[in-house]
Amino acid sequence: MQGVQDDIDHYWNTYGKPTWVTEFTCVSDQPRWEPCEDQAQISRFISDVVDLLEKNEHVMAYAYTDGGGLSPNRTPTSNDGPKLSGSGRTYLNAIKKYH
């Protein structure tokens, strides 16, 4: 979560404007970019980042990724259909605490 907070702080300190996080997903960018594949890790990330974004006064809006080009574990729906995936259900449950 520190990396996410650092990014938000960077944009706030650089531009002094509220941030819109247009999409997010679970990746590690240190020491190199690696996507998360474990559903438990992805779900934990989604829950934690929603809490962070909701509590941050510099974040105006945010949204989970649509999953285009990502592994099935990170897309919000199953098989591009109307049913939520594990990640989609986690995101819905995370935002229900606030909306």
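Residues take numbers from 1 onward in each chain, read along the sequence in its written order. At least 70 in pLDDT is required for a residue's local features to be given in this predicted model, at least 80 for side-chain atom pairs to be given and counted, and no such filter applies to totals for whole chains, interfaces and linings, which use all residues. Calculation of side-chain values draws on the structure's entire complement of heavy atoms; hydrogens and water are dropped beforehand.

Peer 1: Explain the packing of aromatic side chains to me, and be specific about the residues and the numbers.
Peer 2: Only centres within 6.5 Å qualify two rings of Phe, Tyr or Trp (six-membered ring in Trp) as a pair; their planes then separate them into stacked at under 30 degrees, edge-to-face at over 60, and tilted for everything else. Scanning the entire structure with this criterion turns up 6 aromatic pairs. Centre to centre, the rings of Y11 and Y15 are 6.3 Å apart; their planes meet at 10°, and the pair counts as stacked. Of this pair, Y11 and Y15 both sit in helix α1 (residues 2–15), separated by 4 residues, roughly a single helical turn. The cut-offs for exposure are 20% and 50% of the maximum accessible area for each residue type, with area from a 1.4 Å probe on protein chains only; residues under the lower value are buried, those over the upper are exposed, and the others partly exposed. For Y11, a relative accessible area of 42% corresponds to the partly exposed category. Linked through ring pairs, F24, F45, Y62, Y64 and Y91 together constitute an aromatic cluster. Helix numbers and strand numbers start at the N terminus; a helix is a DSSP run of H or I with at least 4 residues, a strand a run of E with at least 2.

Peer 1: Go over the layout of surface pockets, please, and point to the residues and values.
Peer 2: Lining residues are those with an atom within 4 Å of a point, where the points come from a 1 Å grid over the protein atoms alone and group into cavities, where a 1.4 Å probe fits but cannot get out, or pockets, open sets with protein on both sides within 12 Å along at least five of seven lines. Grid points are joined across faces, edges and corners, and a volume is the space filled by probe spheres set on the points. The calculated volume of the largest pocket comes to roughly 690 Å³. In terms of lining, the largest pocket is formed by 27 residues, of which the most central are G3, V4, D7, T25 and F45. Listed by contribution, the elements that provide at least two residues to the lining of the largest pocket are α1, β1 (19–24), β2 (27–28) and α2 (39–55). Note on residue classes: Ala, Val, Leu, Ile, Met, Phe, Trp, Tyr, Cys and Pro are nonpolar, Asp, Glu, Lys and Arg are charged, and everything else, Gly too, is polar. Residues of the lining of the largest pocket, tallied by class, amount to 15 nonpolar, 9 polar and 3 charged.

Peer 1: Could you give an account of the state of the cysteines, with specific residues and numbers?
Peer 2: Here, the term disulfide refers to a pair of cysteine sulfur atoms separated by no more than 2.5 Å. Taken as a whole and assessed by the stated rule, the structure comprises 1 disulfide. A sulfur-sulfur separation of 2.1 Å characterises the disulfide bridge that pairs C26 with C36. On the S-S bond that ties C26 to C36, the torsion sits near -65°, and the link is left-handed. In this pair, C26 is assigned in the loop between β1 and β2 and C36 in the loop between β3 (34–35) and α2, connecting sequence segments 10 residues apart. Here C26 matches C36 in class, with each residue buried.

Peer 1: Can you tell me about the nonpolar core, naming the residues and giving the values?
Peer 2: Only buried residues count toward a nonpolar core. Its members are Ala, Val, Leu, Ile, Met, Phe, Trp, Tyr and Cys residues joined through side-chain atoms within 4.5 Å. Ranked by internal contacts, the top residues of the largest apolar core, which has 18 residues, are F24, V50, L53, Y62 and Y91. Those elements that provide at least two residues to this core are β1, α2, β4 (59–64) and α3 (86–96). Here this core gets 7 residues from one element, more than from any other, and that element is α2. Setting aside anything within four residues of it in sequence, one finds F24 in contact with F45, V49, V50, L53, Y62, A63, Y64, T65 and Y91. Residues are treated as being in contact if the distance between any of their heavy atoms lies within 4.5 Å.

Peer 1: Describe the side chain of H58, listing the residues and the values that go with them.
Peer 2: Looking at where H58 falls in the secondary structure, it is placed in the loop between α2 and β4. Exposure remark for H58: the relative accessible area of 14% places this residue in the buried category. Those residues within four positions of H58 in sequence are excluded, and the remaining contacts are I8, W12, P18 and T19.

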